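Structural features, examined
Each chain, written out:
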Amino acid sequence: MSKKIFLDYKRCIGCKACEVACEMTHGEARIKVFEFPDLFTVPFNCRHCEKAPCMNVCPTGALFRDEDGAVAFDPLKCIGCLMCAVACPFGVPKLDEENKIMDKCDLCSDRRAEGKLPACVSACPTEALLYGDINEVLWNREGKIVANLKSSAEKGEGEKAYIVL
């Protein structure tokens, strides 16, 4: 199962710490926080699609899937043809104007190789961004909910919660 960044949009406070961390790591932010005033904020980066159209149209194989399932990028193979940008339904790949090649999120492959989380996930102060495969993320989330219910029940707070094991 591939690992991805998941968003709990209820926790995002729009602080843009993810953007800053990404820019500090890569020189330019590959994640963007979109703000919808009076509604919510949503950080957005490459979705690392299971059937990534950007990979399918790349004529040089510059885009490839790494061992964690991320759509990674080899800048030495990129010819800057922009086909990946056209094919991406989310408009994620961007042209690096200086080098005339594409640039996109690779889920911080260097950091992951060192056993670290992607920079945006590490920097998120509210844990709105989570990294892992879907089963890990759901298991961790459910574990916290169960722990909170048990704690509330032990303190006699709120309604009684019954946990079926």
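Everything here concerns the structure above.
Below is a summary of the structure that appears in this document. (Residues numbered from 1 in each chain as written. Predicted model: local features only at pLDDT ≥ 70, side-chain atom pairs only at ≥ 80, totals over all residues. Heavy atoms only, no water.)

Focus: the overall build of the protein chain
Along the backbone of the protein chain there are 6 helices and 8 strands. Counted from the first residue to the last, the protein chain has its helices and strands arranged as β-α-β-β-α-β-β-α-β-β-α-α-β-α. With respect to the three principal axes, the spread of C-alpha positions in the protein chain is 65 × 35 × 30 Å. Scored against the burial criterion, the 165 residues of the protein chain give a buried share of 32%. Excluding contacts between residues fewer than 6 apart, the proportion of contacts in the protein chain whose partners are at least 24 apart in sequence is 50%. Approximately 10,800 Å² of the protein chain is accessible, and the part contributed by carbon and sulfur atoms is 55%. (Helix = DSSP H or I, 4+ residues; strand = E, 2+ residues; numbered from the N terminus. Buried < 20%, exposed > 50% of the residue type's maximum accessible area, 1.4 Å probe, protein only. Contact = heavy atoms within 4.5 Å. Areas by Shrake-Rupley, 256 points an atom, 1.4 Å probe, with all protein chains shown as cover.)

Some remarks on empty space enclosed by the protein
The tally for this structure, following the rule as stated, stands at 4 cavities of 30 Å³ or more. Forming the walls of the largest cavity are 14 residues, and the residues nearest its centre are C58, C78, C81, C84 and M102. Classifying every residue of the lining of the largest cavity by side-chain character gives 12 nonpolar, 2 polar and no charged. (1 Å grid on protein atoms, 1.4 Å probe; cavity = no way out; pocket = protein on both sides within 12 Å on 5 of 7 lines; lining within 4 Å. Points joined across faces, edges and corners; volume = space filled by probe spheres on them. Nonpolar A, V, L, I, M, F, W, Y, C, P; charged D, E, K, R; others polar.)

Points about the nonpolar core
Ranked by size, the top nonpolar core spans 18 residues in total, and within it I5, C18, I31, L107, C120, V121 and L129 carry the most contacts. Those elements giving two or more residues to this core turn out to be α1 (17–26), α5 (119–123) and β8 (129–132). When neighbours within four sequence positions are excluded, I5 is seen to be in contact with N45, R47, L107, P118, C120, V121, L129, L130 and Y131. Judged by nonpolar contacts, the second largest core, of 11 residues, contains L63, V71, C84 and M102. (Core = buried A, V, L, I, M, F, W, Y, C linked by side-chain atoms within 4.5 Å.)

Some remarks on unusual backbone geometry
Its identity as a non-glycine residue notwithstanding, C108 has a phi of 55°, on the positive side. Turning to its location among the elements, C108 is positioned in the loop between β7 (101–103) and α4 (109–113). Taking relative accessible area as the criterion, C108 reaches 7% and is therefore assigned buried. Positive phi, close to 60°, is recorded for E127, a residue that is not glycine. Position of E127 among the secondary structure elements: in the loop between α5 and β8.

Some thoughts on a nonpolar patch on the surface
Together, L7, Y9, F34, F36, L39 and F40 line one region of the surface with nonpolar side chains, adding up to about 590 Å² of accessible area. Assessed through its relative accessible area of 65%, L39 is described here as exposed. (Patch = residues over 30% accessible without salt bridge, like charges linked within 9 Å, V, L, I, M, F, W, Y side chains within 5 Å. Salt bridge = Lys/Arg side-chain N within 4 Å of Asp/Glu carboxyl O.)

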